[in-house]
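Architecture at a glance
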Amino acid sequence: MCGILLRVSKEPIKKPLCIPQPIQTLQGCSDLSSEIWDTTDPDVIKSFLQQGEKLRPLSPQQVRKLNSLDELRDLTKQLAKVKNNVKLLQEVKEDQVRNIQDQIDDISREDEDNYDDKNHHHTDVNKHGSKNKEEKEDREDKEIESLIYKTSNRGPNYLNYTQFKIDDNYYFQSFSAILSLRQPFTKQPIFKDEFVLQFNGELYNSECLETNDTQYIIDLLHSKIKSNKDRKSAILNTLKELSGEWAIILVDLRECRVYFGRDPIGKRSLCYKVSYDSNRIKEGQQQQQQQQQQQQQQEEENEKEGIEIIISSNSGIGFLECKNEIYEYSLAHNSKGLISHKLKEVARPTFELPDERVVLAELKKQLRAATKIRQDSIHPLTHLPNESALAVLFSGGLDCTIVARLICELINNSNGHTSLDLLTVGFENPRTLQAADSGPDRKLAIKSWFHLCHMFPKLKINLVEINVDYQSWLSHKSRVKELMYPCNTEMDLSIAIAFYFASSILPDLTSAKCLANDNVSWEEFVNNQEKYTIKQEKYLSSAKVMFSGLGADELFAGYSRHEGIFNNINVDNISGDESNYIELAESLNYDIEIIHQRNLGRDDRVMSCWGKELRYPYLDEDFISWVISTIPPNMKFKYSFAKDKKGKNRLVPIRKYILRKLAEELGMSWVSQELKRAIQFGAKSAKLEIGQSKSKGTDSL
């Protein structure tokens, strides 16, 4: 995994102050003069990482809130009591409710110096032309430095800063941070054939499984260039052949073009910001300043000629999230600006009903292959016997437990000595008085972990419990909001902060336990867990790669909105559900098409900040194509009818039917009937604030 950053300007740009001296002057392709600084020195890299992970101090109001939790709880109880008092006159009740609510709001309100408030102003000034050139340059320098530090957190093994120019017309700054998981180690950026390449991701093409994937890309591009005189076609054809999880920046120095984007699913984060000529803005091409309008205006803005573009694994105010496409940005005067190329289309769904046993056998084979290739390609720089080479984001639910079960089987079959970490997170909720270790996900995670330990007694499986207290949530919230941007809703925060802490390296919040007795029954264990576990406090997982079950709901109809498609079905028209299943197939394909926007970019940014990488077996491109083109929607969502207590026929839905059958096939009947529970509700990371009970997930922060 890498963090990648590129800045291209038509005006000279200074070296950031955070880059140490000396900078070496090297000769690249076609006598291109490059100035380069790089390091593998752990102490130097640590200084960058510390800057990137700095937390904003709590504001006085936040400290007050933290110290007033007992008072807030008492006021909340009083409020509920008044609202439920039927004897009070309505006017008196409204008066008391208003008075108590004002006291709650006075303590619980947020007045922290939100980064977006300040930077929206900065963005406005920047786009309208700064009154003070030095102030403008200072803001730009700080923005780049901030991005450099954030990028550093993604790759703690190697840092590289490179700057170069073309014909005194175009100026480039690049920064790369590498987490080395594939050998042989290859530095970035790569200069070859008048191209400059930065790559973040993992490729699973058979040709590069035993080599470095970044080098594979540049070599593949070299061969395409030799056989194709059209450089753009060679570039796009190269990218179409890449299989895996990736984001890329490729500069064509000969034709003065920058290509950048994400794989066809969008599994790695990449964001960009284009700055425009202020004179052109004054001539009538002025951009709306509000972030909520930026995405709608993207096509219009892409038609304008930019004076600077910044492309980054991370983001900042004014940045847009890349689609799951490849963007082409021409530096030439009077160019069209940004245009995009879609590399692949989602497969067409099938409606033919195959034999269930055949589908189950092939489903296990396909998902196992998607898991195995992601597991086999982990070659960390340092790894001790019995350390965990990988971890699973683990709620104990259906999707992640299937992945964990397959990983355990693969480790067992390979006679490997590595252990496996199952990461489960929970939050203290001062609003509901719930402890961090008492959420639904924690209880299910313990149950699933226990049964996996019984299935694989020779394998050391650690249940890594991250218990987030309210103060830690409050302290890290601002950093999570910055990392997840441009995602900015309450739901984004509650999901992002759960993943952020699940992947964290915060020993004070983390412990691990393993099963001490493989012969104990579940009933015995659940009645006296401490007796049958060995617990390690302040545990730090050594795993640099985390597996996720994301994508299963989108592929196999796991959400309530999929069930809602069948609301019009009743016992009298059960034979007329063809149109419902057609609609379901369309909905599932749409979910896959936009999963990069809903989930993947945000999740990648908040988890990769800990120097860890995410891998998604369910989102393997070949697996997705096979599922859509082979498994019909009526094997993903099934329903029947049963009489309720009043004797009425009610729809009984089964979401992810075929996946539940796979769980049974794998010997995991305990999890095959588990209902879907979103992480923010399972880990209880949603609505942590007292007085927040009425806020909606779609509310902007």
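Let us look at the structure shown here. Predicted model, so just to flag it, every value in this text is computed and none were measured. (Residues numbered from 1 in each chain as written. Predicted model: local features only at pLDDT ≥ 70, side-chain atom pairs only at ≥ 80, totals over all residues. Heavy atoms only, no water.)

**Some remarks on the sheet that holds strand β6 (residues 190-192)**
On the basis of which strands lie adjacent, the open sheet formed by six strands has the order β6-β7-β8-β9-β13-β14 and antiparallel pairing. The open sheet terminates on both sides in strands that have one partner only, identified here as β6 and β14 (338-341). Between one strand axis and the next, the sheet turns by 20 degrees as a mean value, whatever way the strands run. (Pairing = 2+ DSSP bridges. Helix = DSSP H or I, 4+ residues; strand = E, 2+ residues; numbered from the N terminus. Axes fitted to C-alpha atoms, helices over the stretch in contact; angles between N-to-C directions.)

**A word on the packing of helix α3 (residues 69-83) against helix α4 (residues 90-108)**
Put simply, α3 and α4 touch, their axes get as near as 10 Å, and they point 160 degrees apart. In terms of orientation, α3 and α4 fall into the roughly antiparallel class. Here α3 and α4 pass one another in a crossing that is left-handed. Judged by residue contacts, Glu71, Leu72, Leu75, Thr76, Gln78, Leu79, Val82 and Lys83 of α3 engage Lys93, Gln96, Val97, Ile100, Gln101, Gln103, Ile104, Ile107 and Ser108 from α4. Residue composition of the contact of α3 with α4, by class: eight nonpolar, six polar and three charged. (Parallel < 35°, antiparallel > 145°, perpendicular 65-115°, else oblique. Left-handed = near helix turned anticlockwise from the far one by under 90°. Contact = heavy atoms within 4.5 Å. Nonpolar A, V, L, I, M, F, W, Y, C, P; charged D, E, K, R; others polar.)

**Observations regarding the sheet that holds strand β21 (residues 613-615)**
With respect to topology, seven strands assemble into an open sheet ordered β19-β18-β17-β16-β15-β20-β21, the strand pairing being mixed. On the outer flanks of this sheet lie β19 (533-537) and β21, each paired with one strand and no other. On average, each strand axis in the sheet is inclined to that of its neighbour by 30 degrees, with strand direction left out of account. In this structure, strand β16 (residues 419-427) lies alongside strand β17 (residues 461-468), joined through eight bridges in parallel fashion. The residue of β17 that forms the bridge with Leu423 is Val464. Sheet strands touched by helix α13 (residues 398-413): β15 (388-393), β16, β17 and β20 (545-547). Its angle to β15, the strand with the most contacts, is close to 160 degrees.

**Points about the packing of aromatic side chains**
Throughout the structure, instances matching the rule amount to 25 aromatic pairs. Both rings, one in Tyr500 and one in Phe501, keep their centres 5.2 Å apart while their planes meet at 85 degrees; by these two values the pair is edge-to-face. Phe501 shares its class with Tyr500; the two are buried. Ring geometry for Tyr639 and Phe641: centres 6.0 Å apart, planes at 90 degrees, overall edge-to-face. Joined through ring pairs, the aromatic side chains of Phe566, Tyr581, Phe637, Tyr639 and Phe641 make up one cluster. Lying over the aromatic face of Trp610, Arg479 brings its terminal NZ or CZ to 5.3 Å of the ring centre. One Lys or Arg, Lys638, reaches over the ring of Tyr657 and ends 5.0 Å from the middle of that ring. (Phe/Tyr/Trp six-rings, centres within 6.5 Å; stacked < 30°, edge-to-face > 60°. Buried < 20%, exposed > 50% of the residue type's maximum accessible area, 1.4 Å probe, protein only. Lys NZ or Arg CZ within 6 Å of the ring centre and 35° of its normal.)

**Some words on the pattern of salt bridges**
This structure, assessed with the given rule, holds 44 salt bridges. Between Lys344 and Glu621 there is a salt bridge, and its shortest N-O distance comes to 3.0 Å. With a gap of 277 residues between them, Lys344 in the loop between β14 and α12 (356-376) and Glu621 in helix α21 (residues 621-630) connect regions that are remote in the sequence. A residue is classified by how much of its surface remains accessible, and Lys344, at 35% relative accessible area, is partly exposed. Between Asp591 and Arg561 there is a salt bridge whose closest N-O contact spans 3.3 Å. One end of the pair, Asp591, is in helix α20 (residues 578-608); the other, Arg561, is in helix α19 (residues 560-564), with 30 residues separating them in the sequence. Assessed through its relative accessible area of 2%, Asp591 is described here as buried. Overlapping salt bridges, with partners in common, bring together Arg154, Glu202, Arg268, Asp604, Glu613 and Arg615 in one network. (Salt bridge = Lys/Arg side-chain N within 4 Å of Asp/Glu carboxyl O.)

**Some remarks on the nonpolar core**
One finds Phe394, Ile402, Leu422, Trp449, Phe501 and Phe556 to be the most contacted residues of the largest nonpolar core, which totals 111 residues. Judged by nonpolar contacts, the second largest core, of 30 residues, contains Phe164, Val251, Val274 and Ile309. (Core = buried A, V, L, I, M, F, W, Y, C linked by side-chain atoms within 4.5 Å.)

**A few points about unusual backbone geometry**
Going from Gln21 to Pro22, the amide bond is cis rather than trans, its omega being -5 degrees. The residue Pro22 is located in the loop between β1 (2-9) and β2 (24-27) in this model. In this structure, the amide linkage connecting Gln188 to the following residue, Pro189, adopts the cis form with an omega of 0 degrees. For Pro189, the location among the structural elements is in the loop between β5 (170-178) and β6. For Asp193, which is not glycine, the phi torsion reads 55 degrees and is therefore positive. A positive phi angle, close to 55 degrees, is found at Lys656, a residue other than glycine. Relative accessible area serves as the criterion here: at 3%, Lys656 is assigned to the buried category.

**Looking at the packing of helix α15 (residues 470-484) against helix α16 (residues 490-502)**
Between α15 and α16, whose axes approach to 10 Å, the crossing angle comes to 110 degrees. By the angle between their directions, the pair α15 and α16 is classed as roughly perpendicular. Only Asp492, Leu493, Ala496, Ile497, Tyr500 and Phe501 of α16 make contact with α15, whose side of the interface consists of Ser472, Trp473, His476, Lys477, Arg479, Val480, Lys481, Leu483 and Met484. For the contact of α15 with α16, the class distribution of residues is nine nonpolar, two polar and four charged.

**So, the side chain of Ser587**
Residue position: Ser587 is located in helix α20. A relative accessible area of 18% places Ser587 in the buried class. Once residues within four sequence positions are removed from consideration, Ser587 is found in contact with His562 and Ile565.

**A look at the pairing of strand β7 (residues 195-203)**
Every regular strand shows the same layout, with side chains that alternate between the two sheet faces. With nine of its nine residues buried, β7 lies for the most part within the structure. Where burial is concerned, the two faces of β7 agree: the one with Phe195, Leu197, Phe199, Gly201 and Leu203 and the one with Val196, Gln198, Asn200 and Glu202 are both buried. Across three bridges, the pairing between β6 and β7 is antiparallel. Across the sheet, Lys192 pairs through a bridge with Phe195, a residue of β7.

Keep in mind these values describe shape, not function.
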